[in-house]
Amino acid sequence: VTNILDYLEQTAQRLPEKIALADDKLCLTFSQWIQQAECIGTAIALATNSTIRRAVLVFVDRRVEGLVGAMGAVESGNFYVPIDCKMPFERVRLIADVCKPIAAVATTAVDLKTLDQIEFDGPRFLYDDVKEQEADKEILAVIREQIIDLDPVYSIFTSGSTGVPKGVVISHRGMIDLANWLVETFKFTDKDALGNQTPFYFDGSVKDIVICIKSGATLN
């Protein structure tokens, strides 16, 4: 395995109808998660001429949409930068100035207004608009062949107490190794359900995400 998407695809093949993600408004199976991520990944790839290894802003809170958008960014061959939907736009601007994103995936119209406020001029996608657009598996396959395990998969930014937020970039290999260690050490299986306690823009949430992807446990 060289790409965290490999684990998500393996789980979707094994448990296609199992609930993967659930919040108070929406739930998705593993097969739906993959399908929608491929649609978003295709949209990003087409809008950026298949540019890879660049940052994609993904607006997240405690909702399912953010995790789908994150994997959509990864499908496009890029890495996701989770942005709190309630984050002051000045902080979003500072993060964007550092990571120079090539695209953004928004959950609500409010997120689009934040992108307007920071004068983001790259392609932007609203989850509801792109989640069911047609996926181009050929384009995604060509992109996947170019990605290696040391390529970035996500970047989470610090609180910025020194004035400018600093991004910590994690590779596919780091995320894969974390998934392997957590699932093998604590024996998580698809019979488990995880109650997410940490916002998706904090690094602690990655543990929940990778356990879900690797083991097939449901993430609530």
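Please refer to the structure higher up on the page.
Residues numbered from 1 in each chain as written. Predicted model: local features only at pLDDT ≥ 70, side-chain atom pairs only at ≥ 80, totals over all residues. Heavy atoms only, no water.

S.K.: Quick one: what's the story with the pairing of strand S3 (residues 55-60), residue by residue and with numbers?
M.R.: Each regular strand carries side chains that alternate between the two faces of the sheet. The buried fraction of S3 is high, at six of six residues. Here S3 shows two buried faces, one formed by Ala55, Leu57 and Phe59 and the other by Val56, Val58 and Val60. Tracing the backbone out of S3, into helix H3 (residues 64-75) and back to the parallel element strand S4 (residues 79-84) gives a crossover that is right-handed. Relative to strand S5 (residues 103-106), S3 is paired through three bridges, and the arrangement is parallel. Bridge assignment links Leu57 to a residue of S5, and that residue is Ala104. (Buried < 20%, exposed > 50% of the residue type's maximum accessible area, 1.4 Å probe, protein only. Helix = DSSP H or I, 4+ residues; strand = E, 2+ residues; numbered from the N terminus. Right-handed = clockwise from strand over helix to strand, strands pointing away. Pairing = 2+ DSSP bridges.)

S.K.: Could you give me a rundown of the nonpolar core, with the residues and numbers involved?
M.R.: Ranked by size, the top nonpolar core spans 49 residues in total, and within it Leu21, Trp33, Met71, Tyr80 and Met175 carry the most contacts. Discounting residues that sit within four places of it in the chain, Met175 has contacts with Ile4, Tyr80, Val153, Tyr154, Ile170, Val206, Ile209 and Val210. Within the second largest apolar cluster, 19 residues are counted, among which are Val81, Ile83, Ile95 and Leu115. (Core = buried A, V, L, I, M, F, W, Y, C linked by side-chain atoms within 4.5 Å. Contact = heavy atoms within 4.5 Å.)

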